Amino acid sequence: MRGARLWAVVLAVGVLGGCEDSDPPVNPLPDSGTVDSGIPDDDGGTQGDDGGTQVEVDAGTDAGSLGEPLPCEKTQGICSGARRAVVDGAYEPVCTALSYGADYEASETRCDGLDNDCDGVTDPPPSWSQVASLGWPPHAGRISSLRVTEGVLAVVFDRMAVARVIQMDTAMTPLGTTEIPVEVQDDVLALDTVSTRLLRTSQGPALYYASAGPNGDHTRGHLILLDEQGHRVPRDGEPEGGSLLFDQTVGDRATAAAVSADGTRIFSAWRNSAPFVSGGREVRGALTELNGQSVVAPRVLMRAIAKDTVLYGVDVMGLRDGGFVVLAQEIKDGAFEGLLRLQRFDAGLEPVGDERTFPSEANPETRLVDLGAAAGDALASPAIVLRSIQAGQRVLTVLGNLFGEVSNRPLATTTPMEASWFGTAVTSRGLQAAWLSVSRNSQESDPLFSWRGRFWALGKEGVPADLTPGPEYLPLHRYAQWVQLQELPERWMGALVMTSTESPQSHTLQAVRYCAP
């Protein structure tokens, strides 16, 4: 009678589970004893020796007496070909991780390139969350991010004379905010006279910031050491505004800074800009210790070539050989084309080799990146990512091998007729990029709020993927021309963008966590 009842159960399961034409291999059965079934817990994980539920698997049952194991209900992804395992002397009536294998998740959470929940979709969808409400909307010069031990730090200047450092975990969930007083020279235009960058030094994370005077005749740069949670690390005798790196009688609202290869020195660069002018005729720089002690006094690094042009868009980067590189854009007012200028410097800020120049659009938007050892030695790995138009298409392009025979390759083709406000990150899997594909919203009357866009990132095989949460456009502000991008553990990427509404007027720092190829 027991045999008849058992066959009835097997026949009933066969009707529920269906069958397949193929004959995949039977899951191997334990040969003796009782083992952990690996049945998933409530969140789709697998319970093991950590106190989770244990289910007895009848390893002594002769599977041959039960007949051929029937196929499982799910047939896609890692469930393809799975057949029912024996539990308590019978095949599972509903397949679990014991039948599907250790990679199975009832609800997919892993970013491993597999379809773990067998729904035909590889990896979990992107997740969006609100990180913080912002005061004055920060432009690209007033926000920065940095990967730290347990997540990501972001610094934002959206309040008077205060830098807010926001700590997030590896899921981009905000954990807390630290407010750090900073020195501001212009109380009237404070937020338009400050620039910032988070840096990784030999002593840990650091907040670099610079502020310009009200008459365009003064610029000061500072450095404040932080711990991995974004709290200030005080040093004996350090002023409240941080260690003074430079104090120059020129004005620049958008200075740049980079760390030397060994993390012990800060290279700062700025222009001799006048008030309310986006460029200058010279780029100057200095090299200091982390405590502000001068290594190389301020000097001119680059001058405009033509009499009727200005320099703007200055970026700097430390090279792996101990030197530095400066990138600047030169353009004539009203022109549609400009020039990218690149100069290499040694560890003492002496120029090395000839300057390299590249033709560009009037406003190409550029990022200096180091592609790492995988791209070659210290001089082969630096690259420029820029926004341009090629063959009538809007693209993000990578200029590589900058000090040799320059290469040019497209990174991504972006949405036609829309501008791309982008960010980049060099990760363990190579160069990653994400961007807001933006157009004007004719329904908004205020030109600062008349922008909308969708969030894109590089997907599989470099194909752009639209990761916007839903069919509606994101409401954007003119100052939202940035994406902060960081690599997270286990193939995840984290990005920060700003959304804004005019009525009621609000600005929100948003985080998106997504799987990278």
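Placed above this text is the structure.
In this text the structure is predicted, and so the values were computed from the model without any measurement.

Sorry, what's going on with the overall build of the protein chain here?
Of regular secondary structure, the protein chain possesses 2 helices and 31 strands. Contacts in the protein chain between residues far apart in sequence, at least 24 positions, make up 49% of those at least 6 positions apart. Accessible area of the protein chain: about 23300 Å², with a carbon and sulfur share of 51%.

How should I be thinking about the packing of aromatic side chains in this particular structure?
In this description, a pair of aromatic rings is defined by centroid distance and the angle of the planes. Per the stated rule, a full pass over the model turns up 7 aromatic pairs. Their ring planes at 85 degrees and their centres at 5.6 Å tell us that tryptophan 128 and phenylalanine 455 sit as a pair that is edge-to-face. Pair noted here: tryptophan 128 is in strand β3 (residues 127-134) and phenylalanine 455 is in strand β26 (residues 451-458), with a separation of 327 residues, a long-range link. In this structure tryptophan 128 comes out as partly exposed when scored by relative accessible area, which is 21%. A relative accessible area of 0% places phenylalanine 455 in the buried class.

Explanation requested: the pairing of strand β13 (residues 265-271) in the structure shown.
Regular strands have side chains that alternate between both faces of the sheet. Burial within β13 is extensive, with 6 of its 7 residues counted as buried. As defined by bridge partners, β13 adjoins strand β14 (residues 282-289) across 7 bridges and the pair is classed as antiparallel. Paired with tryptophan 270 across the two strands is arginine 284, which belongs to β14.

How do you make sense of the environment of leucine 509 when you look at a structure like this?
By secondary structure assignment, the location of leucine 509 is in strand β31 (residues 505-515). For leucine 509, a relative accessible area of 1% gives the class buried. Sequence separation between leucine 509 and alanine 132 is 377 residues; the distance between their C-alpha atoms is 5.2 Å. Not counting residues up to four positions away in its chain, the partners in contact with leucine 509 are Ser129, Gln130, Val131, Ala132, Leu134, Ile143, Ile166, Trp482, Leu496 and Val497.

Could you clarify how one ought to interpret the state of the cysteines in this entry?
Two cysteines form a disulfide when their sulfur atoms are joined by a covalent bond. Under the counting rule described, the total for this entry stands at 3 disulfides. Two residues, cysteine 79 and cysteine 118, share a disulfide whose sulfurs are 1.8 Å apart. The sign of the 75 degrees torsion about the S-S bond sets the cysteine 79-cysteine 118 disulfide as right-handed. Pair noted here: cysteine 79 is in the loop between α1 (2-17) and β1 (86-87) and cysteine 118 is in the loop between α2 (97-100) and β3, with a separation of 39 residues, a long-range link. Like cysteine 79, the residue cysteine 118 is buried in the burial classification. Paired by a disulfide, cysteine 111 and cysteine 515 hold their sulfur atoms 2.4 Å apart. Of this pair, cysteine 111 sits in the loop between α2 and β3 while cysteine 515 is found in strand β31, placing the two residues 404 residues apart along the sequence. Assigned by exposure class, cysteine 111 and cysteine 515 land together as buried. For the protein chain, the bonded cysteines pair up as 1-3, 2-5, 4-6 when numbered in the order they occur along the sequence.

Help me out: how do you make sense of the side chain of threonine 201 in this one?
Its place among the elements puts threonine 201 in strand β8 (residues 194-201). A polar contact is formed between the side chain of threonine 201 and the backbone nitrogen of glutamine 203, at a distance of 3.1 Å. At 2.7 Å, the side chain of threonine 201 and the backbone oxygen of glycine 204 are in polar contact. Once residues within four sequence positions are removed from consideration, threonine 201 is found in contact with Ala206, Leu225, Val259, Gly263, Ile266 and Leu290.

What am I meant to see in the nonpolar core here?
Generally speaking, a soluble globular protein has its nonpolar side chains buried in company with each other. Within the largest apolar cluster, 39 residues are counted, with the highest numbers of intra-cluster contacts made by Val131, Met168, Leu436, Phe455, Leu496, Leu509 and Tyr514. Looking at this core, the element that brings in the most residues is strand β30 (residues 492-502), giving 6 residues. In terms of nonpolar packing, the next biggest core, distinct from the first, is built from 18 residues, Val283, Ala304, Val326 and Leu349 among them.

In this structure, what is going on with the sheet that holds strand β21 (residues 382-390)? I would like to understand it.
The strands that make up a sheet are held in pairs by hydrogen bonds between backbone atoms, and each pair lies either parallel or antiparallel. Spatial ordering of the open sheet is given by β20-β21-β22-β23, a layout of 4 strands whose pairing is antiparallel. Where the open sheet ends on each side, the last strands, each with one partner, are β20 (366-370) and β23 (407-413). Going across the sheet, the axis of each strand differs from the next one's by a mean of 30 degrees, ignoring polarity. Judged from the 6 bridges that link them, strand β22 (residues 393-400) and β23 form a sheet pairing that is antiparallel. From the neighbouring strand, threonine 397 faces β23, where its bridge partner is proline 410.

Rules used throughout
- Residues numbered from 1 in each chain as written.
- Predicted model: local features only at pLDDT ≥ 70, side-chain atom pairs only at ≥ 80, totals over all residues.
- Heavy atoms only, no water.
- Helix = DSSP H or I, 4+ residues; strand = E, 2+ residues; numbered from the N terminus.
- Contact = heavy atoms within 4.5 Å.
- Areas by Shrake-Rupley, 256 points an atom, 1.4 Å probe, with all protein chains shown as cover.
- Phe/Tyr/Trp six-rings, centres within 6.5 Å; stacked < 30°, edge-to-face > 60°.
- Buried < 20%, exposed > 50% of the residue type's maximum accessible area, 1.4 Å probe, protein only.
- Pairing = 2+ DSSP bridges.
- Disulfide = S-S within 2.5 Å.
- Polar contact = N/O pair within 3.5 Å; in protein donor to acceptor, adjacent residues only side chain to side chain.
- Core = buried A, V, L, I, M, F, W, Y, C linked by side-chain atoms within 4.5 Å.
- Axes fitted to C-alpha atoms, helices over the stretch in contact; angles between N-to-C directions.

Distances and angles like these do not, on their own, reveal function.
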